[in-house]
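Descriptive analysis of the structure
Next come the chains, spelled out residue by residue.
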Amino acid sequence: MQQGLGNLDWIVIAVFAVILIGIIVWVVRQKQEDSADYFLGGRDASWIAIGASIFASNIGSEHLIGLAGAGASSGMAMAHWEIQGWMILILGWVFVPFYTRSMVYTMPEFLERRYNPQSRTILSVISLISYVLTKVAVTVYAGGLVFQQVFGIETLWGIDFFWIAAIGLVVITALYTIFGGMKSVLYTSVLQTPILLLGSLIIVVLGLKELGGWDQMIAITDAVVVNDYGDTMTNLIRSNGDPDFPWLGALLGSAIIGFWYWCTDQYIVQRVLSGKNLKESRRGTIFGAYLKLLPVFLFLIPGMIAFAIHQQNIADGGAGFLPFLENGVANADAAFPTMVAKLLPAGVKGLVVCGILAALMSSLASLFNSSAMLFTIDFYKKIRPSTSERNLVRIGQMATLVIVILGILWIPIMRSVGDVLYTYLQDVQSVLAPGIAAAFLLGIAWKRTSALGGMWGLISGLIVGLTRLGAKIYYTSTPDAADSTFKYLFYDLNWLFFCGWMFLFCIIVVIVVSLSTAAPTAEKIKGLVFGTASEEQIAENRASWNYWDVIHTVIILTFTGAFYWYFW
């Protein structure tokens, strides 16, 4: 079980780097004169590029480190968030026609068309804050951690290697996004996705071989009881009294967070809006949904395999497979990089390092591009509407730079949450998602939803969410605080149940305010709400799918159902 990289690994990494540079040079030599080209890749992407890009953008560090870590620490509990291919189908079948008809670049822009300019600004602010605090910081933090584990280097030139790896990753990715825009993200994700899938598959196979097979993994993890109700690591559906993942909360919470992320988040929807037409966009989401069935097996199961090898190793009198934290507990977040470092042969290890680098870069690049686009189109263009297209692209590049710097500055604060990376991420998202999900869902489902109703739904969600986060920070640092109703609601209440109640609260706010204010005009909501499409729009939508699309949709839903049945 060797650690570090051999000569063959470095050769593989060098070849990958050359191919990547080749793609960027080719993209840069293509014209990108206007912002539609730079941000959406010219709206001419095929379904393969869209599906691969959705998947590559989604598979960030929270999967490579966090999901395997979640598998190693709590077993199947976090699989609810990952077996969500069906949510991408909702994006393709339900939301894409509305987004395409409205001819928007960004999700805040869609809210402006449906509600008012204030709704657009509120969503832009929430999105940019969440990008910097969660996605940029978490991805960069995890990138540094992965490379520190894989290369086996603690310090270099007297500097903690974590920082060299993290900042190096950011600089490389920022350069490739700034010069290449959306096209470079789309084309390189076509290269990155197969590498990552292949590398992870090899890890699963070698991990099971090391352990003694699938049945051995299930036997070891099934023997570990995780709560007072007899549930084990292999149970996906756990007792409603489980302190972390009660089944009702997990189903509701993962659905609300999933709906927000897959159907309304700029980060994902931007990939779909770059499609040639409705048919390519929808097929891109179906392909993306197929790919989304894989992370549970490629990232969460390896975490469970690493845990089982660790348990087996200790039972046989060894020192354990995973590295230990200072408190003597096995470091679950190190599960995936440890398997890369200890199980993979030379050459393959280099290929998987390329896959990890590709996933981190793809997630960061998508983030940089999405946040630059939000800032440029939702803030700058509103203040200076006469700005030339070329200048808009330049402003977008400068915005990318600022977001990168803010993300890096947040990392020292983030390092204190490294041991609960995936849970931290879902926790923050669980208080950001409900207000946005309520505004979008009622916006396209109910004609009566008024501009002020949607706007106050977003505002109430933001206020309640920030209160919950503030309370969490305060009560975590003052454990002897007196009990109160406020403490119970905003701190003690299970985070998944809180997410469900918060979603219901935001829905009620939207409905009450809508019924108390003027209804939108028929012209305002034409084509943006169910039942308002014109005959041509209905015909165009019907012409964009056939029975094959329906068959593939049914296959994905059947597989999801079978997964729940097996791990029930």
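A brief look at the structure comes next. As the structure is a computational prediction, the values presented were derived from the model and not from experiment. (Residues numbered from 1 in each chain as written. Predicted model: local features only at pLDDT ≥ 70, side-chain atom pairs only at ≥ 80, totals over all residues. Heavy atoms only, no water.)

Before going further, it helps to examine helix α16 (residues 348-383). Given 3.6 residues per turn, any residue in an α-helix points the same way as the ones three and four places further on. Taking 1.5 Å of rise per residue, the 36 residues of α16 would be expected to cover 52 Å, and the 51 Å separating its terminal C-alpha atoms lies within 8% of that figure. At T376, α16 shows its strongest bend, of approximately 30°. Most of α16 is tucked away: 28 of the 36 residues are buried. (Helix = DSSP H or I, 4+ residues; strand = E, 2+ residues; numbered from the N terminus. Expected span 1.5 Å × (residues − 1). Bend = angle between axes of the 7 residues up to and from the residue. Buried < 20%, exposed > 50% of the residue type's maximum accessible area, 1.4 Å probe, protein only.)

On to the packing of aromatic side chains. Across all of its chains, the model carries 19 aromatic pairs by this definition. Aromatic pair W81 and W495: ring centres 5.7 Å apart, planes at 15°, arrangement stacked. Placement of the pair is W81 in helix α5 (residues 79-82) and W495 in helix α21 (residues 495-516), with a sequence separation of 414 residues. Looking at W495, the relative accessible area reads 11%, which means it is buried. Between Y566 and F567, the ring centres sit 4.8 Å apart and the planes meet at 80°, which makes this aromatic pair edge-to-face. Residue class for Y566 comes out partly exposed when judged on its relative accessible area of 48%. What makes F567 buried here is its relative accessible area of 5%. When the ring centre of F98 is taken as origin, the NZ or CZ atom of R101, which lies over that ring, is 5.3 Å away. The ring of F498 carries the charged tip of R468 above its face, separated from the ring centre by 4.5 Å. (Phe/Tyr/Trp six-rings, centres within 6.5 Å; stacked < 30°, edge-to-face > 60°. Lys NZ or Arg CZ within 6 Å of the ring centre and 35° of its normal.)

Under the defined criterion, the tally for this structure stands at six cavities of 30 Å³ or more. Lining the largest cavity are 15 residues, with N58, E82, Y261, Q426 and Q429 positioned closest to its centre. If you list the elements that add at least two residues to the lining of the largest cavity, you get α4 (61-74), α5, α11 (247-264) and α18 (421-445). Residues belonging to the lining of the largest cavity are distributed by class as follows: six nonpolar, six polar and three charged. Size it by volume and the second largest cavity reaches roughly 70 Å³. (1 Å grid on protein atoms, 1.4 Å probe; cavity = no way out; pocket = protein on both sides within 12 Å on 5 of 7 lines; lining within 4 Å. Points joined across faces, edges and corners; volume = space filled by probe spheres on them. Nonpolar A, V, L, I, M, F, W, Y, C, P; charged D, E, K, R; others polar.)

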